[in-house]
Amino acid sequence: MAQQDQLDKKTLPKHLAIIMDGNGRWAKQQGLLRALGHENGTKSVRVVVEACAELNIPFLTLYAFSTENWNRPKREVELLMKLLVSSLKKEIKTLQDNEIKLTAIGNLDTLPKKVYKELLEVIDKTKDNTNMTLTLALSYGSREELVKTVKEISLKVKNNLISRDAIDESVINNHLYTRNLPDVDLLIRTSGEQRISNFLLWQLAYAELYFTDTLWPDFTKTHLFEALLNYQNRERRFGKTSEQLKR
Ligand code: IPE
Ligand code: IPE
Ligand code: MG
């Protein structure tokens, strides 16, 4: 079992992103309603957030609700939104105690008013915290983000605020929801699914991918350390040869 002291503090990911999947299957396994799977999933969120803050991982991004998740049964969507409000209210103390700044990415205008209001409140209250930036991806879809980005940049070109030739990777980066975040170093997805599900397509370009069969409500600190240890044993070559890196 992986332990915290096995980790090399110097080579931890700067930006960790997690697709928290498997709440429904966890509930089914226990003979419970899906709602209880989501409720138990929030416990894993707290454990992982606290562990990352303790490890001094500067950026943690959690996929909490995708643009496609709006297509779930109305009752489940309502429950997830309710759970979000209650978690935000409950966890503000965890955020303040650990000096965590909360931010959010996604089409936030589509969130119910109550969720949006609570979210903005916690974002505002934690804005001066500097230990870690926790970003919630809410009503987030990477393709939607890219469409929005293209529209914004093309409008600027039309209005002569930027020339077409000046468009480069950094201009695109600066128009994404993630403009204040570095590229993702490590992506973890729980529950055995090996897909990206419309999450951070551009930002994951050179991320290391880690898939585990563990369902999200079962995901503990030990599972997190396991993933981080696995990450630290990889060679990130960014297109170069292994020999070049050793020079
Ligand atoms: C992840 O768990 C939570 C959200 C997508 C909101 P799921 O609800 O997708 O759980 P499974 O995949 O059905 O097991
Ligand atoms: C991805 O999980 C979205 C979140 C974890 C919020 P899904 O369960 O919605 O993904 P698919 O539909 O199985 O790809
Ligand atoms: Mg799922």
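Quick look at the structure, then. (Residues numbered from 1 in each chain as written. Chains lettered and ligands numbered in written order. Predicted model: local features only at pLDDT ≥ 70, side-chain atom pairs only at ≥ 80, totals over all residues. Heavy atoms only, no water.)

## Concerning the overall build of the chain
Moving on, step 1. Counting its regular elements, the chain contains eight helices and six strands.
Moving on, step 2. Along the chain, helices and strands appear, N-terminal first, in the series β-α-α-β-α-β-α-β-α-α-β-β-α-α.
Moving on, step 3. Computed over C-alpha atoms, the radius of gyration of the chain comes to 19 Å, within 12% of the 18 Å expected from 2.2 N^0.38 for 247 residues, which places it in the range of a compact globule.
Moving on, step 4. Overall size of the chain, expressed as C-alpha extent along the three principal axes, is 55 × 50 × 35 Å.
Moving on, step 5. Out of the 247 residues in the chain, the part that is buried amounts to 47%. (Helix = DSSP H or I, 4+ residues; strand = E, 2+ residues; numbered from the N terminus. Rg over C-alpha atoms; globule rule 2.2 N^0.38 Å. Buried < 20%, exposed > 50% of the residue type's maximum accessible area, 1.4 Å probe, protein only.)

## Here's the deal with the packing of aromatic side chains
Moving on, step 1. Per the stated rule, a full pass over the model turns up seven aromatic pairs.
Moving on, step 2. Taking 4.1 Å as the distance between ring centres and 10° as the angle between the ring planes, the aromatic pair formed by Tyr 63 and Phe 199 counts as stacked. With Tyr 63 in strand β2 (residues 59-66) and Phe 199 in the loop between β5 (186-189) and β6 (208-211), this pair connects stretches of sequence that are 136 residues apart.
Moving on, step 3. The class for Phe 199 is buried, based on a relative accessible area of 0%.
Moving on, step 4. When the ring of Tyr 140 is compared with that of Phe 199, the centres are 5.9 Å apart and the planes differ by 90°; the resulting orientation is edge-to-face. In this pair, Tyr 140 sits in strand β4 (residues 132-140) while Phe 199 sits in the loop between β5 and β6, placing the two residues 59 residues apart along the sequence. Accessibility assignment for this pair places Tyr 140 and Phe 199 in one class, buried.
Moving on, step 5. What links up through ring pairs into an aromatic cluster is the set Tyr 63, Tyr 140, Tyr 177 and Phe 199. (Phe/Tyr/Trp six-rings, centres within 6.5 Å; stacked < 30°, edge-to-face > 60°.)

## Some thoughts on the sheet that holds β2
Moving on, step 1. Read from one edge to the other, the open sheet built from six strands follows the order β3-β4-β2-β1-β5-β6, with strand pairing classed as parallel. Strand pairing shows two members of the sheet lacking a second neighbour, β3 (100-105) and β6, which therefore form its edges. Across the sheet, the mean angle separating the axes of adjacent strands is 20° when strand polarity is ignored.
Moving on, step 2. Packing against the sheet, helix α2 (residues 34-54) makes contact with β1 (15-19), β2, β3 and β4, and its axis sits at approximately 160° to β2.
Moving on, step 3. Sheet contacts for helix α3 (residues 74-97): β2, β3 and β4; angle to β3, the most-contacted strand, approximately 155°. (Pairing = 2+ DSSP bridges. Axes fitted to C-alpha atoms, helices over the stretch in contact; angles between N-to-C directions. Contact = heavy atoms within 4.5 Å.)

Note that all results are geometric; they support no functional claim without further evidence.
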